[in-house]
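As a plain string of letters, each chain reads:
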Amino acid sequence: MVSGPDVDANLARADELIAEAAAAGAAIVGLPEYFCILGRRDGDKVAVREKDGSGPIQEFLANAAARHKVWVVGGTVPLECADPGKVWNSCLVFDPTGKRVARYDKIHLFGFDNGRERYEESRSIEAGSRPVSFESPFGRIGLSVCYDLRFPELYRSYMPVDLIFVPSAFTATTERRTGRCCCVRGQSKTSLT
């Protein structure tokens, strides 16, 4: 999925992909970080943030999980935090009935400056503070987001675990430096593409 600045278009595309995965027999579907909006400016995600527990993006995830009868790891969603100029970068998980079973707020915020490009997530994102894992039919699942992958202590805190989701979104520059991450499976195996 390649997200853009139009939330409605991104949700429509996500629904198509969830439907396709469910039709192919998937029982759990993972979406990328900020699947719902990849804006042109930091303020774009702040403009579409939602209150925890309500809003069109969260309703979409719950309805898609129930409609397609799959578990949905909702990439990340911008949720309101105490600072009106920032968001929580939150990974939400819904079961096949549409019930939310987990929320993880990204802990480790990315910063990068090569003299030509600069990214500083802390300007628009409030860092989370606690690891989150939950039981599922697939075993114990841990949640993390993108840059968290660089901090092994988070993953150590999840052990023993059966599956760890790492929804990610990379820029062309940072992808060349870090690679694209997908999910970490098993006790000690990391899968990077």
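Scroll up to find the structure.
Below or above, wherever it landed, is the structure these notes cover. Just so we're clear, the structure is a prediction, and the values are computed from it rather than from any experiment.

1. Side note on the overall build of the chain
Part 1 of the reasoning: A count of helical and extended segments in the chain gives 5 helices and 13 strands.
Part 2 of the reasoning: Residues counted as buried form 44% of the 193 residues belonging to the chain.
Part 3 of the reasoning: Contacts in the chain between residues at least 24 apart in sequence constitute 57% of all its contacts with a sequence separation of at least 6.
Part 4 of the reasoning: If you sum the accessible surface of the chain, you get close to 9700 Å²; carbon and sulfur atoms cover 51% of it.

2. Regarding the packing of helix 1 (residues 7-23) against helix 3 (residues 56-68)
Part 1 of the reasoning: Taken N-terminus to C-terminus, the directions of helix 1 and helix 3 make an angle of 20°; their axes are 10 Å apart at the nearest point. With respect to each other, helix 1 and helix 3 are oriented roughly parallel. For the element pair helix 1 and helix 3, the recorded crossing hand is right-handed. Of helix 3, the residues touching helix 1 (which contributes Val-7, Leu-11, Ala-14, Asp-15, Ile-18, Ala-19 and Ala-22) are Pro-56, Ile-57, Phe-60, Ala-64, Arg-67 and His-68.
Part 2 of the reasoning: A per-class count over the contact of helix 1 with helix 3 returns 10 nonpolar, 1 polar and 2 charged.

3. Quick notes on the pattern of salt bridges
Part 1 of the reasoning: For the structure on display, the rule yields 11 salt bridges.
Part 2 of the reasoning: The closest approach of N and O atoms between Lys-51 and Glu-80, which form a salt bridge, is 3.6 Å. Note that Lys-51 is positioned in the loop between helix 2 (42-47) and helix 3 and Glu-80 in strand 3 (residues 77-80), a separation of 29 residues in sequence.
Part 3 of the reasoning: A relative accessible area of 51% means that Lys-51 is categorised as exposed.
Part 4 of the reasoning: Arg-100 is paired through a salt bridge with Asp-52; the nearest N and O atoms lie 2.6 Å apart. Of this pair, Arg-100 sits in strand 5 (residues 100-105) while Asp-52 is found in the loop between helix 2 and helix 3, placing the two residues 48 residues apart along the sequence.
Part 5 of the reasoning: By relative accessible area, Arg-100 is classed as partly exposed at 30%.

What counts and what doesn't
- Residues numbered from 1 in each chain as written.
- Predicted model: local features only at pLDDT ≥ 70, side-chain atom pairs only at ≥ 80, totals over all residues.
- Heavy atoms only, no water.
- Helix = DSSP H or I, 4+ residues; strand = E, 2+ residues; numbered from the N terminus.
- Buried < 20%, exposed > 50% of the residue type's maximum accessible area, 1.4 Å probe, protein only.
- Contact = heavy atoms within 4.5 Å.
- Areas by Shrake-Rupley, 256 points an atom, 1.4 Å probe, with all protein chains shown as cover.
- Axes fitted to C-alpha atoms, helices over the stretch in contact; angles between N-to-C directions.
- Parallel < 35°, antiparallel > 145°, perpendicular 65-115°, else oblique.
- Left-handed = near helix turned anticlockwise from the far one by under 90°.
- Nonpolar A, V, L, I, M, F, W, Y, C, P; charged D, E, K, R; others polar.
- Salt bridge = Lys/Arg side-chain N within 4 Å of Asp/Glu carboxyl O.

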